[in-house]
Amino acid sequence: VNQERRQVFDLPVVGLEVSEYRGATLKCLQCGHQTTGRFPSHVSNPVQHRPRIGATINYLQNCQLIPVERISQFLGDLFVKDSVLNHLHYAATVRQGLAQFEEQAKQAVKASVVVNFDASGFYVGTQRCWLHSASTPEMTYYG
């Protein structure tokens, strides 16, 4: 028997998986004390992303260098645009919180006996840009 094979590849249907958590506040009928249910530790906001969505947004912005507006448009077409912008705002807040660490990295490089320096060139559009790094055996600073 002679068989011929043909294969067709396609992406799976894209959809969001949403988990809803509810916390009720109940009042004791005898003493009047109110008790509120607790949410799981990873559920800290009324609406938030799970790690895969955040990782996808970070990948598109930082590895593929896609502008925020286009990421928002792309993911907004697939999902909900406002949540993308909320994630990008959160990422900016995290970057601001890293300012102290950045200063510590600079100080560690300055204090080190051995430091490796490197500069890598790349293009953004037609403009030449540089990524400079200074590293010690324990720490690397990028600028």
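Every value quoted in this text rests on a predicted model; they were computed, and no experiment measured them.

Peer 1: Help me understand the sheet that holds strand E3 (residues 116–124), please; the structure alone is not making it clear to me.
Peer 2: One key point about sheets: their strands pair by backbone hydrogen bonds, in either a parallel or an antiparallel sense. As summarised here, the arrangement of the 3 strands in space is E3-E4-E5, forming an open sheet in which the pairing is antiparallel. With partners counted over all chains shown, the strands left at the sheet margins are E3 and strand E5 (140–142), one partner each. Averaged over all pairs of adjacent strands, the angle between strand axes in this sheet comes to 20 degrees, irrespective of strand direction. Pairing analysis gives 9 bridges linking E3 to strand E4 (residues 127–135), with the strands arranged antiparallel. Counterpart to Tyr 123 in the pairing with E4 is Arg 128.

Peer 1: What's the story with the packing of aromatic side chains in this structure? I'm lost.
Peer 2: Think of a pair of aromatic rings as described by two things: how far the centres are apart, and how the planes are tilted against each other in angle. Taken as a whole and assessed by the stated rule, the structure comprises 0 aromatic pairs. One Lys or Arg, Arg 128, reaches over the ring of Trp 130 and ends 4.5 Å from the middle of that ring.

Peer 1: What is the right way to look at the environment of Gln 104 in this model?
Peer 2: Mapped onto the fold, Gln 104 is located in helix H4 (residues 99–111). For Gln 104, a relative accessible area of 44% corresponds to the partly exposed category. Distance in space between the C-alpha atoms of Gln 104 and Tyr 141 is 9.6 Å, their sequence separation being 37 residues.

Peer 1: How should a nonpolar patch on the surface be read in this particular structure?
Peer 2: Residues Phe 122, Val 124, Leu 131 and Tyr 142 make up a contiguous nonpolar surface patch of roughly 380 Å² in combined accessible area. Mapping Leu 131 onto the fold places it in strand E4.

Peer 1: Can you walk me through unusual backbone geometry in this structure?
Peer 2: As a rule of thumb, non-glycine residues mostly have phi less than zero, and peptide bonds are mostly trans rather than cis. Even without being glycine, Leu 65 reaches a positive phi, approximately 55 degrees. Along the chain, Leu 65 turns up in the loop between helix H1 (51–63) and helix H2 (68–78). Taking the relative accessible area as the measure of exposure, Leu 65 reaches 60% and is therefore exposed.

Peer 1: Quick question: what am I supposed to make of the packing of H1 against H2 here?
Peer 2: Think of two packed helices as two axes; the pair is described by the angle between the axes and how far apart they sit. Direction vectors running N to C along H1 and H2 enclose 145 degrees, while the axes themselves pass 10 Å from each other. Crossing hand, H1 versus H2: right-handed. Where H1 approaches H2, its residues Ile 57, Leu 60 and Gln 61 are matched on the opposing element by Val 68, Ile 71, Phe 74 and Leu 75. Classifying every residue of the contact of H1 with H2 gives 6 nonpolar, 1 polar and no charged.

Peer 1: Teacher, can you tell me more about the state of the cysteines here?
Peer 2: As used here, a disulfide is simply a covalent bond connecting the sulfur atoms of two cysteines. Here the structure, examined in full by the defined rule, presents 0 disulfides. Free of any disulfide, Cys 28 has its nearest cysteine sulfur in Cys 31, 3.7 Å distant. Taking relative accessible area as the criterion, Cys 28 reaches 33% and is therefore assigned partly exposed. Not engaged in a disulfide, the cysteine Cys 129 finds its nearest cysteine sulfur in Cys 63; these two sulfurs lie 17 Å apart.

Parameters and conventions
- Residues numbered from 1 in each chain as written.
- Predicted model: local features only at pLDDT ≥ 70, side-chain atom pairs only at ≥ 80, totals over all residues.
- Heavy atoms only, no water.
- Pairing = 2+ DSSP bridges.
- Helix = DSSP H or I, 4+ residues; strand = E, 2+ residues; numbered from the N terminus.
- Axes fitted to C-alpha atoms, helices over the stretch in contact; angles between N-to-C directions.
- Phe/Tyr/Trp six-rings, centres within 6.5 Å; stacked < 30°, edge-to-face > 60°.
- Lys NZ or Arg CZ within 6 Å of the ring centre and 35° of its normal.
- Buried < 20%, exposed > 50% of the residue type's maximum accessible area, 1.4 Å probe, protein only.
- Patch = residues over 30% accessible without salt bridge, like charges linked within 9 Å, V, L, I, M, F, W, Y side chains within 5 Å.
- Areas by Shrake-Rupley, 256 points an atom, 1.4 Å probe, with all protein chains shown as cover.
- Salt bridge = Lys/Arg side-chain N within 4 Å of Asp/Glu carboxyl O.
- Left-handed = near helix turned anticlockwise from the far one by under 90°.
- Contact = heavy atoms within 4.5 Å.
- Nonpolar A, V, L, I, M, F, W, Y, C, P; charged D, E, K, R; others polar.
- Disulfide = S-S within 2.5 Å.

Any functional reading would require information that these geometric values do not contain.
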